[in-house]
Amino acid sequence: MNRIRLRRSSLLLMILTTALAVPAAHAEDAWDAVFLAGNKIGYIHTFIEKVTEKNRPLNRVRVDTVLSFRRGDDVVTQKMMYGTIETPEGEVLRLDTRTLTSDNEIRVYGDVIKGQMRLILEGTKQRQEQIVPWGPEVRGPYAAEQSMAKTPMTEGESRTLKMYIPDLNRVVDIELKGGPTSDIELGDGMKRPLRKVEQIATLDGKVRPELGATLWVDTAGQILKQDVDLLGGMTTYRTTEEGAKAPGGRIKYDQIRGTIVKTSREIPNPYQTTYIKYQVTLKDEDPTKIIPNDRRQTLTPSGDGKSAVMIINTMGPNDGEAGSEPGPEFLRPNGVVTSADARVKRLADRAVGNAADPWEQAVRINKWVFQNMRSNFATTFAPASEAAVNLTGDCTEHSVLAAAMSRAKGIPSRVAVGLIFVDSKELKAKGFGFHMWHEVFVNNRWVALDSSFDQSQVDATHIKLSDSSLEGVSPFESFLPILRVQGKVTIEPLELR
């Protein structure tokens, strides 16, 4: 098996960049240059215009993010346009986000009515809606700078805010902690006295380090530099339009090679290995709080709060204990797993043929996707309906198409996000790379399959970080654990079988 289709972190970078690196909301026109692992990858442009609606003065805020990456030998440019209608005080009344993730644009929009935001996700053949509680205190992704521009932070001060993150489509709680002032070097090489402010994010009552940042702020409250400890280090600098758009030379950051987790021990036959005991260590977190247990994988903490022993076994449809029936969201279509699409249904019928047993149907679907999909690193994240037409993509398109075809035949399914061991001469990559596969519920058990590698029982190098039905207007939230472990995890195989 030499076909490598790793999951890229490009969409996560778009989410993270927009959430944490948006420039000043109080400036009418502001530009930021974005660097990742020391390489310039793009820019962010924010501009504001005053409008009037029913004789009420309002602001129209627009944030455009443009990022370019390498994926092996390919270069891809992604764009996201985020817009709001707000009061002069910053209260968000309406929002509209458009993200280009494939051939089709994904749009999320909504209006605040009586303390609720009715978010609508469009762009695929399956529309999704969700009601989100939305008080007047909720701000856009520039909440921190908006607050500090109004009232600058002082050393030792702490303040809390509520911030909406586009594409993630969630409201998070933000705490800002004011630190000392020191001379900080900016993108032009000059130093300026800036205050250090730590931004701590909490989602669903839990601190989320992957959404945190260190801000460097001037006396007017503008964030002139921002550091995020992820993916080799992401930094943004306030600059001019010319500086933001200036080419940084040959695009160097490779999302595939740049996110490989290296390991000191070789795994000689990874796709045939059915049992592995690992030592997993995180830089500053307990891996048992991030990596889930299921039938295939179990983690035992080592006692130091930063490491654990993980055992992964290959599991088939009859192995292990039976579980409870899954919820209806694993069987119905949604905006990404578009199982009601007519072409998806036809492909499912073609793949299954005369098979009647659900497990045999799932295996045939898995093989059909493996045999008929062509590798393509240019697509970021396409819904199953698009993958069914183009029959190209990487592991994400393989997974959502296989999951959708399974649901079209009445088999509950979900996708799994995690890591897999890779040894690719083509990509010049060896180690654990981020990957996506799917799972089906048969014989009262969730069983993992991988249509990228034609595995009806996945090998023990598949390390799951999360799983999801991809239901709702926040389908990309299940990918956040990738950001949480990237650049901070060490994986060492201890025993192989």
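Relevant structure appears above.
The structure reproduced in this document is the subject of the present report. (Residues numbered from 1 in each chain as written. Predicted model: local features only at pLDDT ≥ 70, side-chain atom pairs only at ≥ 80, totals over all residues. Heavy atoms only, no water.)

### Things to note about the sheet that holds strand β25 (residues 463–468)
Taking strand neighbours across the sheet as the criterion, the four strands line up as β24-β23-β22-β25 in an open arrangement whose pairing is antiparallel. Two strands in the sheet have a free side with no partner beyond their single neighbour: β24 (445–449) and β25. Each neighbouring strand pair of the sheet contributes to a mean axis angle of 30 degrees, computed without reference to strand direction. As defined by bridge partners, strand β22 (residues 413–424) adjoins β25 across five bridges and the pair is classed as antiparallel. The partner of Gly-418 across the bridge, within β25, is Lys-464. Helix-sheet contacts for helix α7 (residues 395–408) involve β22 and β23 (429–442), and the interaxial angle to β23 is about 5 degrees. (Pairing = 2+ DSSP bridges. Helix = DSSP H or I, 4+ residues; strand = E, 2+ residues; numbered from the N terminus. Axes fitted to C-alpha atoms, helices over the stretch in contact; angles between N-to-C directions. Contact = heavy atoms within 4.5 Å.)

### Description of the sheet that holds strand β18 (residues 297–301)
Strand order in the open sheet made by the four strands is β18-β19-β17-β26, with antiparallel pairing throughout. Two strands in the sheet have a free side with no partner beyond their single neighbour: β18 and β26 (489–496). Across the sheet, the mean angle separating the axes of adjacent strands is 25 degrees when strand polarity is ignored. As judged from the seven bridges shared by strand β17 (residues 275–282) and strand β19 (residues 307–313), these two strands associate in the antiparallel manner. The residue bridging Val-280 from the neighbouring strand is Ala-308, located in β19.

### A look at the layout of surface pockets
The space that makes up the largest pocket amounts to roughly 500 Å³. As for the largest pocket, its lining consists of 25 residues, and the residues nearest its centre are Thr-87, Pro-88, Glu-89, Gly-90 and Gln-146. Counting only elements with at least two residues in the lining of the largest pocket, the list comes to β2 (39–53), β3 (56–71), α2 (143–150) and β10 (158–165). In terms of residue count, α2 provides more of the lining of the largest pocket than any other element does, five residues in total. (1 Å grid on protein atoms, 1.4 Å probe; cavity = no way out; pocket = protein on both sides within 12 Å on 5 of 7 lines; lining within 4 Å. Points joined across faces, edges and corners; volume = space filled by probe spheres on them.)

### Some words on the packing of helix α4 (residues 342–352) against α7
Where α4 meets α7, the axes come as close as 9 Å, and the angle between the chain directions of the two elements is 80 degrees. Taken as axis vectors, α4 and α7 run roughly perpendicular relative to one another. Along its contact with α4, which presents Val-344, Lys-345, Leu-347, Ala-348 and Ala-351, the element α7 presents Leu-401, Ala-404, Met-405 and Ala-408. Residue composition of the contact of α4 with α7, by class: eight nonpolar, no polar and one charged. (Parallel < 35°, antiparallel > 145°, perpendicular 65-115°, else oblique. Nonpolar A, V, L, I, M, F, W, Y, C, P; charged D, E, K, R; others polar.)

### Observations regarding the pattern of salt bridges
Inspection of the entire model under this criterion finds 35 salt bridges. One salt bridge in this structure joins Arg-107 and Asp-96, with 2.8 Å as the shortest N-O distance. Taken together, the residues span a long stretch of sequence, with Arg-107 in strand β6 (residues 105–113) and Asp-96 in strand β5 (residues 92–100) at a distance of eleven residues. Taking relative accessible area as the criterion, Asp-96 reaches 21% and is therefore assigned partly exposed. Where salt bridges share partners, they join Asp-294, Arg-414, Glu-439, Lys-464 and Asp-467 into one cluster. (Salt bridge = Lys/Arg side-chain N within 4 Å of Asp/Glu carboxyl O. Buried < 20%, exposed > 50% of the residue type's maximum accessible area, 1.4 Å probe, protein only.)

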